[in-house]
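For reference, the chains in residue letters:
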Amino acid sequence: MLVPALLLFFCLRGRAGGSPHFLQQPNDLVVLLGDEARLPCALGAYWGLVQWTKDGLALGGERDLPGWSRYWISGNEANGQHDLHIKPVELEDQASYECQATQAGLRSRPARLHVLVPPEAPQVLGGPSVSLIAGVPVNLTCRSRGDARPTPELLWFRDGIQLDRTTFHQTLLKEGTTGSVESILSLTPSNHDDGATLVCRARSQALPAGKDTAITLSLQYPPVVTLSAEPQTVQEGEKVTFLCQATAQPPVTGYRWAKGGSPVLGARGPMLEVVADASFLTAPVSCEVSNAVGSANRSTALDVQFGPILQAKPEPISVDVGEDASFSCAWRGNPLPRVTWTRRGGAQVLGFGPTLRLPSVGPEDAGDYVCRAEPGLSGLGGGAAEARLTVNAPPIVTALHSAPAFLRGPARLQCLVFASPAPDAVVWSWDEGFLAAGSRGRFLVETFPAPEGSGGQGPGLISVLHISGTQESDFSRGFNCSARNRLGEGGTRVSLGRRDLLPTVQIIAGVAAVAMTLLMVITGVALCCWHHSKASFSKQKNLVQIPGGSDGSSSRGAEETGSSEHRAPIVHTDHSDLVLDEEGSLGTKDPTNGYYKVRGVSVSLSLGEAPGGGLFLPPPSPLGPPGTPTFYDFNPHLGMVPPCRLYRARAGYLTTPHPRAFTSYIKPTSFGPPDLAPGTPPFPYTAFPTPSHPRLQTHV
């Protein structure tokens, strides 16, 4: 094992020391212009001449290479080290180099020397300050000139961030060389780009960090407007201040204010003061600012709080029965108003919001519906709007009250018709015929408009049937009032009531009651007065005073005259046989037809006074139906003490106390006007005949 290893060692050593060979050969080298280039070369077992060639041209065998001031060979020659140095490297040094052992006939592989030329700082056209107009597209050009090797790359940066949207363009001067390199940056500047710095960088392998050229953008732009309002939220009627601020290059030249697109007259500066109302919520305020480049505007709407304002009223609608109905109304307010629906006259809320829907309506749904909005926070605004729902249905016919009629007299029947749509006609019908308008025999029909029915029943009509000369059959049969429209027919039955004259039996009973009452009153009063005055009468009670007799008549007349002013209201009997002469005195007609020669007597009845000076009026007689004349019953008052001076005579006195003394003659069948005191009401009993009596045979 040891013997073969020793043999291999001595074999290799003998070979190395035997023939010349390259221990190290040069490689391609890239060097920056102006730097030093070193191409290594090392030979073994060779102690002869070593030289370098440049593109095939021998540089010489001396180590200092005379004639090539920037070239030399370095290294330990005894060790076979022959390195080529070039310093400073220039563009002409870029070539292919070989290391040759001429005596041994050895040549190294060619090594290519590349000389890099760093780019110069690029140039931006229009720099270092470029004036631009905001919003106008522009191209910025960056150009690199010179013999930079390799061709540089041009890049754009802003705030350290590389920009895209660039176009690269290269110009060739001649084959193998470049003239200039350009890079174009396309951009549309805005006002925010004013004062911005852009950098164009030329970068290559020769200069990896590159060289920069910076420019500043000087931008002309229309105004940038900021509009504010103070306060932004405001109650209606409060004052608001708008402030319009703007930045512009060149400076601002003018302001213009508008509200809802309409100019605000007189507003020129950057401030505007207004009094807020509801219109500012939907009509924003705008401020337009101008300069030499252009103009810009901003607008803002105020948050104006106001009460509800009606924008759209609900419309009246008419639908057929069974169909759906819908109402709509619109209120505007801030905050949004709360809208409710009710029926007029009712408190129940039927719905909320701008729309009310009523499904499958019936006649009971007809009426007025109210859309109501509550007032806002300020307490202002709000209100209600209403619309009518008319439900189209068959006519509704109602009989109106008709007064009872007399037989063979005129009569009138009435009916009330409500219908929507309006009826085609209103027809009256009875047993033998019908009539819608005009006249027919004893019948006449008239139609009049009536007020609209409550609840949206539609227009109303009153139809009247006139009957002239009623007959018995008119009171027993019914009359039909009917109406028809496109939805159906409605009708009602109207009857004619009868009105009769006062029955004869009731009249006779009433007359008898009045006569009996009168007789009882007169008799009772006469007896009362006789008892009170019997002390003053003479013993010859049965004598009748003859006209022109004693002086007692004159004294009695004086008494009557003196007390007449204080007498209570009186009622007089009406006797046609007691005649007033032209001077107002009683006539001298003898009521005994000559049997007694006496003068006529006028008898008066004092009824007395009620407390407070009123006249005692007796209650009505229960005899007879309502509407018959009133008969008075004096029986409740017969217990009263009447005044003693009952009998009054203008010419003489009949002093007999006998109760039948003044009824002892045949009473005439007719009566004249009663002798009433002023203000005394007449009594109806005077219109009826008084029973007659046989002549009284009296002997004096």
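From a predicted model like this one, the values you see are computed outputs, not experimental measurements.

Observations concerning the environment of serine 402
The topology assignment puts serine 402 in the loop between β36 (383-399) and β37 (411-420). The exposure class assigned to serine 402 is buried, which follows from its relative accessible area of 14%. Those residues within four positions of serine 402 in sequence are excluded, and the remaining contacts are Arg412, Leu413, Gln414 and Val494.

A word on the UniProt feature "transmembrane region" (unreviewed entry) in the protein chain
Within this structure's numbering, the places UniProt gives as "transmembrane region" (unreviewed entry) are residues 507-530. Taken end to end, residues 507-530 has its terminal C-alpha atoms 35 Å apart, with 100% of it in helix and 0% in strand.

Describing the nonpolar core
Counting 23 residues, the largest nonpolar core has Trp52, Tyr71, Leu84, Ile86 and Tyr97 as the members making the most contacts within it. Listed by contribution, the elements that provide at least two residues to this core are β3 (37-39), β5 (50-54), β7 (71-74), β8 (83-86), β9 (96-101) and β11 (111-116). Not counting chain neighbours up to four residues away, the residues in contact with leucine 84 comprise Ala37, Arg38, Leu39, Trp52, Leu59, Leu65, Tyr71, Trp72, Ile73 and Tyr97. Counting residues in each nonpolar core, the second largest holds 21 residues, with Ala229, Val234, Ala278 and Ala296 among its members.

What to know about the state of the cysteines
Applying the stated criterion to the full structure yields five disulfides. The disulfide partner of cysteine 415 is cysteine 481, and the S-S distance across this bridge is 1.9 Å. A residue pair is termed long-range when its members are at least 10 positions apart, and cysteine 415 in strand β37 and cysteine 481 in strand β43 (residues 478-485) qualify at 66 residues. Take cysteine 415 and cysteine 481: they sit in the same class, and that class is buried. Here the cysteine-cysteine linkages of the protein chain are recorded as 1-2, 3-4, 5-6, 7-8, 9-10, numbering only bonded cysteines and doing so in sequence order.

Here is what the cut-offs are and how they apply
- Residues numbered from 1 in each chain as written.
- Predicted model: local features only at pLDDT ≥ 70, side-chain atom pairs only at ≥ 80, totals over all residues.
- Heavy atoms only, no water.
- Helix = DSSP H or I, 4+ residues; strand = E, 2+ residues; numbered from the N terminus.
- Buried < 20%, exposed > 50% of the residue type's maximum accessible area, 1.4 Å probe, protein only.
- Contact = heavy atoms within 4.5 Å.
- UniProt positions renumbered as here; feature names shortened; annotations may be inferred.
- Core = buried A, V, L, I, M, F, W, Y, C linked by side-chain atoms within 4.5 Å.
- Disulfide = S-S within 2.5 Å.

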